[in-house]
Amino acid sequence: ENGALFMGPYSLEGAYQIHSAICGPCGLVRNYRLSVDVAFTDGQSDRGYGPIVRLTEDYSLLVGIFPWQGIGLWRYDFEQDFWTRVDSLISSYVRPNRATNRVVVTVGPASLPGRSLVTIVVNGRTLIAAFSQPSDLGAVGLAIGGHDLQVVFDNFEFEELPPYEGK
């Protein structure tokens, strides 16, 4: 609607699912910067929504924002059917309720070979820096968790970053 992507609400059958929109033109990437405006519009406030940092055959790495000023980075292992919290916090930099939050995710090389540094900036403030994440090729996109939730995503921007050329 007017260039924005509305996701949800989904029915009760989608209660334990992640509903996603994968960015086809972004391709499979390792290093990139993604930014998007996101706002909770209606429904249950205990369910997360935000960018998909990396989606592979084995796992998904997701940003979860909550209207009560929570944010986290979560990893879902498909084989084990298990969620792991990478990092999470409550922050006044996450605007509450139906306010729009500008989220910028940057994935680049970490100090260890074959690993990535994931930084999550919300409204101009770095809130999460997750060191030593897997550096696999993966898809990116947007997601919401569960049912009875509606979110709007707008002003999506994506740029692939060059591989690290350090010595």
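Scroll up to find the structure this text is about.
Here's what I pulled together on the structure shown here.

**Observations regarding the overall build of the protein**
If you tally the helices and strands in the protein, you get zero helices and 12 strands. Beginning at the N terminus, the succession of helices and strands in the protein can be written as β-β-β-β-β-β-β-β-β-β-β-β. Over its C-alpha trace the protein gives a radius of gyration of 15 Å, about what one expects of a compact globule, namely 15 Å for 167 residues. By principal-axis analysis of the C-alpha atoms, the protein measures approximately 50 × 35 × 30 Å. When the 167 residues of the protein are sorted by exposure, 46% land in the buried category. For the protein, the proportion of contacts with a sequence separation of at least 24, taken over those separated by at least 6, is 61%. With an accessible surface of roughly 8,800 Å², the protein has 50% of that area assigned to carbon and sulfur atoms.

**With respect to the sheet that holds strand β8 (residues 101–109)**
Taken in spatial order, the six strands of this open sheet run β1-β12-β3-β8-β9-β10, and their pairing is antiparallel. Whereas interior strands pair on both sides, the edge strands pair on one side only; in this sheet they are β1 (5–7) and β10 (125–134). This sheet shows a mean twist of 25° between the axes of neighbouring strands, independent of strand direction. Looking at chain direction, strand β9 (residues 115–122) and β10 are connected through seven bridges and run antiparallel. Bridging across to β10, valine 122 finds its partner in arginine 125.

**Examining a negative patch on the surface**
Judged by side-chain charge, Glu57, Asp58, Glu79 and Asp136 come together as a negatively charged surface patch. In this structure, glutamate 57 sits in the loop between β4 (49–55) and β5 (59–66).

**Some remarks on the state of the cysteines**
Defined simply, a disulfide is a covalent bond joining two cysteines at their sulfur atoms. Applying the stated criterion across every chain, the model contains one disulfide. One disulfide bridge connects cysteine 23 with cysteine 26, the sulfur atoms lying 2.1 Å from each other. Handedness of the cysteine 23-cysteine 26 disulfide follows from its S-S torsion of about 70°: it is right-handed. Here cysteine 23 falls in the buried class, since its relative accessible area comes to 15%. Its relative accessible area of 7% is what places cysteine 26 among the buried residues.

**A closer look at the packing of aromatic side chains**
This structure, assessed with the given rule, holds four aromatic pairs. Arranged with centres 4.9 Å apart and planes meeting at 20°, the rings of phenylalanine 66 and tryptophan 68 form a pair that is stacked. Linked through ring pairs, Tyr76, Phe78 and Trp83 together constitute an aromatic cluster. Over the ring of tyrosine 59 we find arginine 75; its NZ or CZ atom is 3.9 Å from the centre of that ring.

**Focus on the pattern of salt bridges**
Enumeration according to the criterion identifies three salt bridges in this entry. Here glutamate 159 and arginine 33 are joined by a salt bridge, their closest N and O atoms 2.9 Å apart. Residue glutamate 159 is found in strand β12 (residues 149–160), and its partner arginine 33 is found in strand β3 (residues 32–43); the two are separated by 126 residues along the sequence. You can call glutamate 159 partly exposed: its relative accessible area is 40%. A relative accessible area of 34% means that arginine 33 is categorised as partly exposed. When the shortest N-O distance is used, the salt bridge between aspartate 37 and arginine 102 registers 3.1 Å. Here aspartate 37 is found in strand β3, whereas its partner arginine 102 is found in strand β8, with 65 residues between them in sequence. Residue aspartate 37 is classed as buried on the basis of its relative accessible area, which comes to 16%. A network of salt bridges, in which partner residues are shared, links Asp37, Arg102 and Glu157.

Here is what the cut-offs are and how they apply
- Residues numbered from 1 in each chain as written.
- Predicted model: local features only at pLDDT ≥ 70, side-chain atom pairs only at ≥ 80, totals over all residues.
- Heavy atoms only, no water.
- Helix = DSSP H or I, 4+ residues; strand = E, 2+ residues; numbered from the N terminus.
- Rg over C-alpha atoms; globule rule 2.2 N^0.38 Å.
- Buried < 20%, exposed > 50% of the residue type's maximum accessible area, 1.4 Å probe, protein only.
- Contact = heavy atoms within 4.5 Å.
- Areas by Shrake-Rupley, 256 points an atom, 1.4 Å probe, with all protein chains shown as cover.
- Pairing = 2+ DSSP bridges.
- Axes fitted to C-alpha atoms, helices over the stretch in contact; angles between N-to-C directions.
- Patch = residues over 30% accessible without salt bridge, like charges linked within 9 Å, V, L, I, M, F, W, Y side chains within 5 Å.
- Salt bridge = Lys/Arg side-chain N within 4 Å of Asp/Glu carboxyl O.
- Lys, Arg positive; Asp, Glu negative; His and termini not counted.
- Charge placed at Lys NZ, Arg CZ, Asp CG, Glu CD.
- Disulfide = S-S within 2.5 Å.
- Phe/Tyr/Trp six-rings, centres within 6.5 Å; stacked < 30°, edge-to-face > 60°.
- Lys NZ or Arg CZ within 6 Å of the ring centre and 35° of its normal.

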